[in-house]
2 protein chains.
Amino acid sequence: MEAPRLDFLFYPRSVAVIGASNVPGKVGNAIMRSITLNFSGKVYAVNVKGGEIEVNGRKFPVYRSIKDVPDEVDVAVIAVPAKFVPDVIDECGEKGVKGAVVISAGFKEAGRAELEEELVKRARKWGIRVVGPNCLGVTNLENGFDCNFNPPERQARPPFGKVAFMSQSGAFGAAILDWAASHKIGMSKFISLGNMADLDESDFIAYLGEDEKTGVITGYIEGVKDGRKFFNVAKEVTLKKPIIILKAGRTEAGAKAAASHTGSLAGSYKIYEAAFEQTGVLSAKSMRQLFNYAKALAMQKPAKGNRVAIVTNGGGAGVMMSDGLLERGMKLAELSEETNERFRKDIEEGKLPHHMSYRNPIDVIGDAPSSRYEIAMRYALEDPNVDVLVVIALFQSPALDEGIVEAMERMQAYGKPIVFVAPGGAYPHKMARNIELKGVPVYETVEDGVDAVYALVKYGEWLRENGKL
Amino acid sequence: MEAPRLDFLFYPRSVAVIGASNVPGKVGNAIMRSITLNFSGKVYAVNVKGGEIEVNGRKFPVYRSIKDVPDEVDVAVIAVPAKFVPDVIDECGEKGVKGAVVISAGFKEAGRAELEEELVKRARKWGIRVVGPNCLGVTNLENGFDCNFNPPERQARPPFGKVAFMSQSGAFGAAILDWAASHKIGMSKFISLGNMADLDESDFIAYLGEDEKTGVITGYIEGVKDGRKFFNVAKEVTLKKPIIILKAGRTEAGAKAAASHTGSLAGSYKIYEAAFEQTGVLSAKSMRQLFNYAKALAMQKPAKGNRVAIVTNGGGAGVMMSDGLLERGMKLAELSEETNERFRKDIEEGKLPHHMSYRNPIDVIGDAPSSRYEIAMRYALEDPNVDVLVVIALFQSPALDEGIVEAMERMQAYGKPIVFVAPGGAYPHKMARNIELKGVPVYETVEDGVDAVYALVKYGEWLRENGKL
């Protein structure tokens, strides 16, 4: 399938908000507030009532119809009562609008399927592509184009980055954005899919597959709209960049709940699992897992194999990491005789402590400074039996100095994927931020780190199977 | 087994730090710093070098031997080189010390089993009970008695609360404390078990079973020291309060790593699983799960059945919660015809919105204020088919007001366990703190909330099977 050209939806030169309002608390006011906060394109307010709107310290005249706007309009963001939407679409068509983001609810999800069909019919007539209805619209974190009516004091926006996220649930999507923001996960574009009357998850996957600002595509999905289309698009896109899907409605009760939520036929989860497997889509079981996968793949290269070396200053964390990796199908790398010899020699010469264990997990012991970590990390990364390196740092030990940050930057020269785990509270968090600025993803718990390794190994396998790695 | 009387270890009237030092960075200095920070008992510094120590703005004369301390001493915290420890124990014996917390490493874990045996022999001779060696000692969050040498700027201490935690790994235990502190999880007592030359995990489980300040007992364990003893103690204690164990060394690689870490024979995990099942111990797979379980059980009553009602303002989160509960063996409660009728009537009368779904999950929709939540929660809690209530609040919607906090306080009058899920960032976090102050545990993700329900249901089952609920 050829990717639909949807750049106009994310990079409009000019936007009209239809149903714009001056009344705080109203959706049409909240959208004006969101769009005018960081977006530098032109924004026009439209409302049959006319008048003037003041948001974010700027004043906007209100046009009674989009047709009165004295400029071309690329995208119309529509927040008028559902029954008026088809006529508004006609006006948009006359105006030459390319895309309509329909925020309004009250269509298929409220039992009014015929109104939704009418919407689509009118849009098709004019060649307008539609997002929604019944959605939070799109947010482009790159240029600040943001249709989301949730106010920033309730729902933060993540920083600009490489992860694109789409959601069939608006409310849950908003919660995820808020969560991602507080975890400093960089996002490229967010799409609230809504009822998918026109554009669906496969269209956006195809578009994001071509989008050079997106490195990883993620999505919350209850049911795909067109199985065949999804299969074909996913299979192609995963050869270029990873797709991670959180599929809800896996159980009978979940599927029932999904049916009454989005009307999705959740279908047998087994069929989805098989489709994900065959198309190289990574399937996440939870929100946290989704972003554990995404962060790893956004920051590190996929792994060329499943043999993992662990360097840790705490034995217990090494044991837990070993369990986690084995339980998810990875292997502990068997270090080469040459590597063992390097450790032995350093211990003999007093460069490394006598009772450290250099069998994998490599335990540099609780009093390890960063220089000792660096020796162990180099030996592991230089070992041909090692595909991925996991570094566990228990920063509670005052022996571990901040030199570890620069060391992590140096370690990336080896070209092997690295995952960093730093459990704890405020101090490890601070160090985590600094290490991530150097390009290495850091996780708060051992189990999150296991997710990260899994994603790098699993996606690497897919690429290798298809001759792409 | 009769519980050992170990109050003197956690509530000493007077303590001697043997190996106390005035040199910042030394273990004997860090311990003096930790113990004198919040503890109001008497603290004496001991070091063969004599002199004076100044920590936390207080001055301490240094006695050359514990025998010179002009007072009775309940507990000696020992941080001298390993080879001197047996003789120090003798001096403690002569002084009449009841407990020795041996921080020093260099015993069995370093290949010196005979030195450890000598330590135990001397302690037995004098009737001294020993914690460690090779550990972080004990921390009593109630009175500030804290032997942990990790400085507070690196490792925060959790607030005082109901969860006791013991760890066979000192470093990982410290990371968990730090993590628990940043998640405001209240702890009663922390025990770093070390080599368990004398007191082991079963002794402390038995003690904590009698400790009225402890509501939930948790532990990180690689292998139990005495299987029979553990079995008997656990079986008895779980009838009084929950025990949650994170067992590491579950896989072959993990067991190998455990053997080289604590020398534990991790044993077949299947045997552990069976033992946990037969003794009512909840087995956690990860640090986060351990505390998801612990927080729920510390704050709520165990459930009388596995039928769960969900009230949510987001359909997607309801679908995910349904999946999570079903996948872990819980059921969605089938609401009674009476309850359905109450919802129908309210919808007809316009008290509840027309297109809300009142089949479980009960979807109060994105524009729900707290008053609408309250109606739905009451109907669910009053339904005899409901054993547990899960409330999901997507606070990103500005419609949801802060009245939900007080509402949660009122809901507890029904006597059924409640779990609250509030995914997102800063604002939901703030609300979570307020709701937890009212006694309802709040979780950041759906999957964490599933853990919480699982713990309440599973522990409830154990109590019912044994006629205790």
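Looking up chain A in an unreviewed UniProt entry gives the name acetate--CoA ligase (ADP-forming), with the organism given as Thermococcus barossii. UniProt, in its Catalytic activity (unreviewed entry) section for chain A, records the words "acetate + ATP + CoA = acetyl-CoA + ADP + phosphate".

Colleague: Explain the overall build of chain A to me, and be specific about the residues and the numbers.
Modeller: Scanning chain A from N- to C-terminus turns up 16 helices and 20 strands. Computed over its C-alpha atoms, the radius of gyration of chain A comes to 25 Å, within 12% of the 23 Å expected for a compact globule of 469 residues. Its C-alpha atoms give chain A principal-axis dimensions of about 85 × 50 × 35 Å. Each of the 469 residues in chain A was classed as buried or not, and the buried ones make up 65%. Considering only residue pairs separated by 6 or more positions, chain A has 74% of its internal contacts joining residues 24 or more positions apart. Of the accessible surface of chain A, which amounts to about 17200 Å², a share of 50% is contributed by carbon and sulfur atoms. Mean positive and mean negative side-chain charge positions of chain A (59 and 60 charges, respectively) differ by 3 Å.

Colleague: Residues and numbers for the interface of chain A and chain B, please.
Modeller: The interface of chain A with chain B comprises 64 residues on the first partner and 64 residues on the second. Between chain A and chain B lies a buried interface of about 4700 Å² when both sides are counted; carbon and sulfur atoms form 61% of it. On the chain A side of the contact with chain B, R154(A), R288(A) and Q396(A) bury the most area, a combined 16% of that side's loss. Linking chain A to chain B there are 6 salt bridges. D448(A) is paired through a salt bridge with R288(B); the nearest N and O atoms lie 3.0 Å apart. For the pair chain A and chain B, the interface holds 32 residue pairs in polar contact (both at pLDDT 80 or more). Contributing elements (two or more residues each) for the side of chain A that touches chain B: α5 (170–182), β13 (243–247), α8 (252–261), α10 (287–299), α11 (315–327), α15 (426–437) and α16 (446–465) of chain A. Here the element with the most residues in the side of chain A that touches chain B is α11(A); it accounts for 9 residues. Residue composition of the side of chain A that touches chain B, by class: 28 nonpolar, 22 polar and 14 charged.

Colleague: If you had to explain the pattern of salt bridges to someone new, which residues and values would you point to?
Modeller: Under the definition given, this model contains 76 salt bridges over all chains. Linking K229(B) and D200(B) is a salt bridge whose minimum nitrogen-to-oxygen distance equals 3.0 Å. One end of the pair, K229(B), is in helix α7 (residues 227–237); the other, D200(B), is in the loop between β11 (187–192) and α6 (201–210), with 29 residues separating them in the sequence. Three or more residues joined by partner-sharing salt bridges are found here, namely D87(A), D90(A), E118(A), K121(A), R122(A) and K125(A).

Colleague: Now, about the packing of α10(A) against α16(A): what can you tell me, with residues and values included?
Modeller: All names here are of chain A. Contact geometry of α10 with α16 gives a least axis separation of 8 Å together with a crossing angle of 55 degrees. Considered as vectors, α10 and α16 are oriented oblique to each other. For the element pair α10 and α16, the recorded crossing hand is right-handed. Residues R288, Q289, N292, Y293, A296 and L297 of α10 lie in contact with α16, whose contacting residues are D448, D451, A452, Y454, A455, L456 and Y459. Considered class by class, the residues forming the contact of α10 with α16 number 8 nonpolar, 2 polar and 3 charged.

Colleague: Explain the UniProt feature "domain: CoA-binding" (unreviewed entry) in chain A to me, using residue names and the numbers behind them.
Modeller: Within this numbering scheme, the UniProt entry marks residues 9–107 of chain A as carrying the feature "domain: CoA-binding" (unreviewed entry). A distance of 22 Å separates the end C-alpha atoms of residues 9–107 of chain A, which is 25% helix and 28% strand.

Colleague: Go over the relation of the copies chain A and chain B with me, naming the residues and quoting the values.
Modeller: Once chain A has been moved 0.0 Å along the axis and rotated by 180 degrees, it coincides with chain B to within an RMSD of 0.0 Å. Classification of the inter-copy transformation places it as that of a two-fold axis. Scanning chain A for the C-alpha nearest the rotation axis identifies R288(A), at a separation of 5.9 Å. Here 100% of the interface residues in chain A have copies in chain B that are interface residues too; the copies meet face to matching face.

Colleague: I'd like a description of the domain arrangement of chain A, backed by residues and values.
Modeller: All names here are of chain A. Each domain of chain A was delimited in the assignment, giving domain 1 (7–297) and domain 2 (301–465). Summarising the inter-unit geometry, the C-alpha centres of domain 1 and domain 2 are found 39 Å apart. Taken together, the contacts link 21 residues of domain 1 with 16 residues of domain 2. The junction of domain 1 with domain 2 conceals about 1500 Å² of combined surface from both sides, 59% of it contributed by carbon and sulfur atoms. Interface area lost by domain 1 to domain 2 is led by N292, K295 and A296, which between them contribute 32%. Linking domain 1 with domain 2 are 2 salt bridges.

Colleague: Could you give an account of the environment of V281(A), naming the residues involved and the relevant values?
Modeller: Residue and element names in this part refer to chain A. One can find V281 in the loop between α9 (269–279) and β14 (282–284). C-alpha of V281 to C-alpha of Q300: the two residues are 19 residues apart in sequence and 18 Å apart in space. Dropping the residues within four chain positions of it, V281 is found in contact with F230, A234, T238, I243, I245 and F276.

Colleague: Summarise the environment of P86(A); cite the residues concerned and give the values.
Modeller: Here P86(A) shows up in helix α3 (residues 85–95). In contact with P86(A), other than residues within four places in its own chain, are L115(A), E118(A), L119(A) and R122(A).

Colleague: Please provide a residue-by-residue account of the sheet that holds β14(A), values included.
Modeller: Residues and elements named next belong to chain A. Read across the open sheet, the 7 strands follow the order β9-β8-β11-β10-β12-β13-β14; overall the sheet is mixed. Unpaired on one side and paired on the other, β9 (145–146) and β14 mark the two borders of the sheet. Looking at chain direction, strand β12 (residues 216–221) and β13 are connected through 5 bridges and run parallel. Looking at the pairing, Y220 lines up with L246 of β13. On the sheet, α5 packs against β10 (160–167), β11 (187–192), β12 and β13 and is oriented at approximately 165 degrees with respect to β11.

Rules used throughout
Residues numbered from 1 in each chain as written. Chains lettered and ligands numbered in written order. Predicted model: local features only at pLDDT ≥ 70, side-chain atom pairs only at ≥ 80, totals over all residues. Heavy atoms only, no water. UniProt positions renumbered as here; feature names shortened; annotations may be inferred. Helix = DSSP H or I, 4+ residues; strand = E, 2+ residues; numbered from the N terminus. Rg over C-alpha atoms; globule rule 2.2 N^0.38 Å. Buried < 20%, exposed > 50% of the residue type's maximum accessible area, 1.4 Å probe, protein only. Contact = heavy atoms within 4.5 Å. Areas by Shrake-Rupley, 256 points an atom, 1.4 Å probe, with all protein chains shown as cover. Lys, Arg positive; Asp, Glu negative; His and termini not counted. Charge placed at Lys NZ, Arg CZ, Asp CG, Glu CD. Buried area = accessible area lost by both parts, 1.4 Å probe. Salt bridge = Lys/Arg side-chain N within 4 Å of Asp/Glu carboxyl O. Polar contact = N/O pair within 3.5 Å; in protein donor to acceptor, adjacent residues only side chain to side chain. Nonpolar A, V, L, I, M, F, W, Y, C, P; charged D, E, K, R; others polar. Axes fitted to C-alpha atoms, helices over the stretch in contact; angles between N-to-C directions. Parallel < 35°, antiparallel > 145°, perpendicular 65-115°, else oblique. Left-handed = near helix turned anticlockwise from the far one by under 90°. Least-squares fit on C-alpha atoms with pLDDT ≥ 70 in both. Domains from an automatic or database assignment. Pairing = 2+ DSSP bridges.

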